Amino acid sequence: MQQWLLRKATTQASKALDTEVLAGKVIWNFPNNIILDDVEILDQSGDSLIYIEQLETKIRSIDLDNQFFKFGDVHLKRPIVKFNSQNGQAGMNYLFLTEIGQTAAGGQLARLWFKKIIIEDGVFEFRRDDLPEPSSRKFDETNLRFEKINAELLSMEIIGDSLNFKVKSMAAKDKSGLELKHLACKAKIHSNGMEFDEILMRTNESSIEHYIAFDYDGYPMMGDFIDSVYVRAELSNTVLSMRDLAYFSNTLEQYGDEKFKLSSSLKGTVTNFKLRDMLVELGDGGRLTGEAKIKGLPDWEVSYVDIDVDEFSSSISEMERLLKLDFPEEVKRFGNTQFKGHITG
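Below, the structure is looked at part by part. All figures in this text were calculated on a predicted structure; none of them were measured in a lab. (Residues numbered from 1 in each chain as written. Predicted model: local features only at pLDDT ≥ 70, side-chain atom pairs only at ≥ 80, totals over all residues. Heavy atoms only, no water.)

1. Comments concerning the nonpolar core
By size, the foremost hydrophobic cluster in this structure holds 71 residues, and its most contacted members are Phe 114, Ile 117, Leu 153, Phe 214, Tyr 216 and Met 278. Here the element with the most residues in this core is strand β7 (residues 143–159); it accounts for six residues. Excluding its chain neighbours within four sequence positions, the residues that come into contact with Ile 117 are Val 74, Leu 76, Ala 151, Glu 152, Leu 153 and Met 156. (Core = buried A, V, L, I, M, F, W, Y, C linked by side-chain atoms within 4.5 Å. Buried < 20%, exposed > 50% of the residue type's maximum accessible area, 1.4 Å probe, protein only. Helix = DSSP H or I, 4+ residues; strand = E, 2+ residues; numbered from the N terminus. Contact = heavy atoms within 4.5 Å.)

Structure representation (structure tokens):
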């Protein structure tokens, strides 16, 4: 009986999603506990899009009149998600899911609510075969593979293509070596943007706090993130390590263990953005305030920087260390230096 119900359920899911949905085994512990093994959703080319070794959940309530489905804890064991765009394909392989949405009979949007979602040892891949591999940095935004994804998400609500939830904890590691040690935030995701508030994030040697949003004109634009997604951020008490930044530019490897503290408002695309109300604090008491425009990232070697400096102060020894220079003794006697003006380069 349970296997017959499983076949009926996967058949209905396949029709609803306009693709093939598979599952190897179901265990239904009456009345509301369900365990599914080897769940898989294929893309429209017949390749694996989402695979879950084991999915376990409890159904709390089903309100068909109002299309409201309520679940307890959901445990996803070793999920693998593969988003890609192969040569010859039009767009990314997941876009058909965003176009289908979750529309019930009569045009009413279904509403799903999950008390908690636990992700154990997950994998996320994002690959664009139509773009060249960068040669000037380890981190390749066109070919991501995050492994060892472990997360706890709370109070997730899904309405149509919109998601609202709280990230209690998340950790992952990219194939480049860049590691997300911890992430906690409030998250909203929909077809025109992503918003992350109350962020507490730690990577290998950096920490980022407060608010980041991504604005885009539909999910397809995420495939061209660098040029097409508009970023808005409010950063406070953010500590950036040159070792982490070196994943995005090999030229920064020379700065080794250097770190600096940043507070600023940021707006723009990755290739063209502005920093306002900027405060940069250096390790030896140095500080820089002002505004900056940066064009050309993520390729730092060809980027253009335009900085209006309201105040820059630092010791000569700090400047020597940061700039990898050895000033003459006559200069070193000044001890400290201050500057206000305009810098380009």
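There's more to say after this.
2. Here we look at a nonpolar patch on the surface
A contiguous nonpolar surface patch, about 460 Å² in accessible area, is contributed by Trp 4, Leu 5, Trp 28 and Phe 30. Checked against the element boundaries, Trp 28 lands in strand β2 (residues 25–29). (Patch = residues over 30% accessible without salt bridge, like charges linked within 9 Å, V, L, I, M, F, W, Y side chains within 5 Å. Areas by Shrake-Rupley, 256 points an atom, 1.4 Å probe, with all protein chains shown as cover. Salt bridge = Lys/Arg side-chain N within 4 Å of Asp/Glu carboxyl O.)

3. As for helix α1 (residues 2–17)
For α1, which comprises 16 residues, the first-to-last C-alpha distance of 22 Å matches the rise-based estimate of 22 Å (1.5 Å per residue) to within 8%. Leu 6, Thr 10 and Ser 14 are the residues of α1 that are buried. Angular distribution of buried residues about the axis of α1 spans 70 degrees; they occupy a single face of the element. More than 90 degrees from the buried face of α1, the exposed residues found are Gln 12, Lys 15 and Ala 16. The inward-facing, buried residues of α1 abut β1 (21–22), β2 and β3 (33–42). Asp 18 sits one or two positions beyond α1 and adopts a positive phi of about 60 degrees. (Expected span 1.5 Å × (residues − 1). Arc of directions from axis to C-beta.)

4. Remarks on the pattern of salt bridges
Side-chain pairing between opposite charges can occur once the charged atoms of the two side chains come close. On inspection of all chains with the given rule, the structure shows 15 salt bridges. Two residues, Arg 111 and Glu 157, come together in a salt bridge whose shortest N-O distance is 2.5 Å. Residue Arg 111 is found in strand β6 (residues 111–128), and its partner Glu 157 is found in strand β7; the two are separated by 46 residues along the sequence. Among the salt bridges present, the one from Glu 147 reaches Arg 145, with a minimum N-O distance of 2.6 Å. Residue Glu 147 is classed as partly exposed on the basis of its relative accessible area of 33%. Given a relative accessible area of 27%, Arg 145 falls into the partly exposed group.

These figures come from the coordinates and say nothing about function on their own.
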